[in-house]
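# Residue-level structural notes
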Amino acid sequence: MNPGARQPHSSPSPAVAANAEGEEIEVLASEDVQPVASEDQYWKALFDQFDPDNSGYISTEKFRSLLRTHASELDPHKLEVLLALADNNADGKICYQDFVNLMSNKRSNSFRRAILQGSRKLKGTPLLEEPGLNASQRLIRHVAYETLPREIDRKWYYDSYTCWPPPCFMITVTIVEVAVFVYYGLVLDRWVLQVSHPHFLKGPLIYHPKLRIQAWRYVSYIFMHTGIEHLSLNVALQLLVGVPLEMVHGAMRIGLLYIFGVLAGSLAVSVADMTAPAVGSSGGVYALVSAHLANVVMNWSGMKCQFKLLRMAVALVCMSAEFGRAVWLRFYPSVFLLCPNPSFVAHLGGVGVGITLGVVVLRNFEQRLQEQSVWWIFVFVYVVFILLSIFWNIFAYDLLDIKLPPAP
């Protein structure tokens, strides 16, 4: 079994299957498939052979016969799920749309039902016990056990992961952060507590309250770090946690979660710590890590990662130590008498995003976000927070007569 690529979809050879009444039904032969223009049309033609009355339903017995006939076209674990669905369907029938969604692997509520029902009957060998795996297969298996709480999801991911596209978002962000840090380290000739250098705040990337009208700073501040100790922990966390999450959930989901955490972090600073600048990628990193930890806690019994309690304790200690360092730095006497040190509030904004939007993003591996009502509720709350923060930045500083530090 090769997890690096899906099994090719070959045209079915002529076969005969038995229906519920014991009658033989000829399954679509390869020459009949040639004029079919799409996969959905192929499944429709196949469905019609098992539904000669055009009722829109086929019995689970016929469905099982069809699955056995086409077993060579399906991933092994997908076949297990579909057979389990046929056994568990309460009304004894499967409608056409469920049939197409299941056979063509569309992420839908019907597929989710198949997963949920199939997991109750799945009796295959646990993925952890599969022998004879090479290095890449072991890595994919390890990622599955690190991030997914159910065996059926882990098997499905293991069989369907194609290694393409690679987890480029987190890797790219990390490379840019390191490159920017090295650049400023050479320019400032300082690698520890760069924030104490007189020219540190003069860069175009840092969020500064006096320059908050420059909208890009609400995101670009992630590429600036106070020193190598700050950068090292953020990079380690976003690679160790973010890359496996991106391998499972994709760049779109993880990228959105990361950017949402970053934006929430800078806006939280602008609301709760109005005179302080913000630097570092902690908002995005804490969104990812807190979402992952919350997902582990909510699915504790299903998570099979090794030493999960110890590893969670280590992650919490590391996050707490980094947060404590940020709090200490915020109240440590600043080199710039008129400007405080960078704020720690961005960490809290990231955690808030992680335990709300993040938990929803990571909860359902096989279901689209658009199909999750809780996702839209949290998106609405997040959008309201963004709008209120924008109005706060426009009006509150003048209304409260906040004394801002001069622009760097």
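Quick note: structure is the one above.
Residues numbered from 1 in each chain as written. Predicted model: local features only at pLDDT ≥ 70, side-chain atom pairs only at ≥ 80, totals over all residues. Heavy atoms only, no water.

Looking only at helices and strands, the protein chain has 15 helices and four strands in total. Sorting the 408 residues of the protein chain into buried and exposed places 50% on the buried side. Of all intrachain contacts in the protein chain linking residues separated by at least 6 positions in sequence, the fraction that spans at least 24 positions is 72%. Of the roughly 19,100 Å² of accessible surface on the protein chain, a fraction of 64% belongs to carbon and sulfur atoms. (Helix = DSSP H or I, 4+ residues; strand = E, 2+ residues; numbered from the N terminus. Buried < 20%, exposed > 50% of the residue type's maximum accessible area, 1.4 Å probe, protein only. Contact = heavy atoms within 4.5 Å. Areas by Shrake-Rupley, 256 points an atom, 1.4 Å probe, with all protein chains shown as cover.)

Turning our attention to empty space enclosed by the protein. Think of a ball as big as a water molecule: rolled over the atoms, this probe shows where empty space is left. A complete count under the given rule lists one cavity of 30 Å³ or more for this structure. Considered as a void within the structure, the largest cavity measures approximately 60 Å³ in volume. For the largest cavity, the full set of lining residues is Thr226, His230, Val279, Arg325, Ala326, Leu329, Pro342, Ser343, Phe344 and His347. For the lining of the largest cavity, the leading source of residues is helix H13 (residues 308-331), giving three residues. The residue makeup of the lining of the largest cavity, split by class, is five nonpolar, four polar and one charged. (1 Å grid on protein atoms, 1.4 Å probe; cavity = no way out; pocket = protein on both sides within 12 Å on 5 of 7 lines; lining within 4 Å. Points joined across faces, edges and corners; volume = space filled by probe spheres on them. Nonpolar A, V, L, I, M, F, W, Y, C, P; charged D, E, K, R; others polar.)

This next bit is on the nonpolar core. Grouped together as the largest cluster of nonpolar side chains are 63 residues, with contacts concentrated most on Tyr157, Tyr207, Tyr221, Tyr258, Val289, Val353 and Trp375. Every element with two or more residues in this core is listed here: helix H7 (135-147), helix H8 (151-160), helix H9 (168-188), helix H11 (228-272), helix H12 (282-298), H13, helix H14 (345-363) and helix H15 (373-399). No other element matches the 14 residues that H11 contributes to this core. Not counting residues up to four positions away in its chain, the partners in contact with tryptophan 375 are Phe260, Leu357, Val360, Val361 and Leu369. Core analysis: the next-biggest nonpolar cluster, separate from the first, contains twelve residues, Tyr42, Leu46, Phe50 and Ile58 among them. (Core = buried A, V, L, I, M, F, W, Y, C linked by side-chain atoms within 4.5 Å.)

Once that is clear, we can look at H7. The end-to-end C-alpha distance of H7 is 19 Å, a good match for the 18 Å that 13 residues give at a rise of 1.5 Å each. Within H7, burial applies to Gln137, Ile140, Arg141, Val143, Ala144, Tyr145, Glu146 and Thr147. (Expected span 1.5 Å × (residues − 1).)

Below, the discussion takes up a nonpolar patch on the surface. On the surface, Val383, Leu387, Ile390, Phe391, Trp392, Ile394, Phe395, Leu399 and Leu400 cluster together to form a nonpolar patch covering roughly 880 Å² of accessible area. Following the sequence through the fold, isoleucine 390 ends up in helix H15. (Patch = residues over 30% accessible without salt bridge, like charges linked within 9 Å, V, L, I, M, F, W, Y side chains within 5 Å. Salt bridge = Lys/Arg side-chain N within 4 Å of Asp/Glu carboxyl O.)

This part takes up the packing of aromatic side chains. In this description, an aromatic ring pair is defined by two values, namely the gap between the centres and the angle between the planes. Using the criterion set out here, one finds ten aromatic pairs in the structure. An angle of 80° between the planes, with centres 5.8 Å apart, marks the rings of phenylalanine 169 and tyrosine 258 as edge-to-face. One end of the pair, phenylalanine 169, is in helix H9; the other, tyrosine 258, is in helix H11, and 89 residues separate them in sequence. On the accessibility criterion, phenylalanine 169 (21% relative accessible area) is partly exposed. Under the relative-accessibility criterion, tyrosine 258 is labelled buried at 0%. (Phe/Tyr/Trp six-rings, centres within 6.5 Å; stacked < 30°, edge-to-face > 60°.)

We now examine the pattern of salt bridges. Counting across every chain of the model gives three salt bridges. Arginine 311 is the salt-bridge partner of glutamate 146, the closest N and O atoms lying 2.3 Å from each other. One end of the pair, glutamate 146, is in helix H7; the other, arginine 311, is in helix H13, with 165 residues separating them in the sequence. The exposure class assigned to glutamate 146 is buried, which follows from its relative accessible area of 11%.

Any two packed helices are characterised by how steeply their axes cross, that is the angle between the axes, and by the distance between the axes. The interhelical angle for the contact between H11 and H15, taken along N-to-C directions, is 35°, at an axis separation of 10 Å. In the crossing of H11 with H15, the sense of the turn from one axis to the other is left-handed. In this structure, H11 uses Ile259, Phe260, Leu263, Ala264, Leu267, Ala268, Ser270 and Val271 to contact H15, whose residues at the interface are Trp375, Tyr382, Phe385, Ile386, Ser389, Trp392, Asn393 and Tyr397. Partitioned by chemical class, the residues of the contact of H11 with H15 number 13 nonpolar, three polar and no charged. (Axes fitted to C-alpha atoms, helices over the stretch in contact; angles between N-to-C directions. Left-handed = near helix turned anticlockwise from the far one by under 90°.)

Here the focus is the side chain of serine 389. Inspection of the secondary structure assignment puts serine 389 in helix H15. With residues near it in sequence (within four places) discarded, serine 389 still touches Leu267 and Val271.

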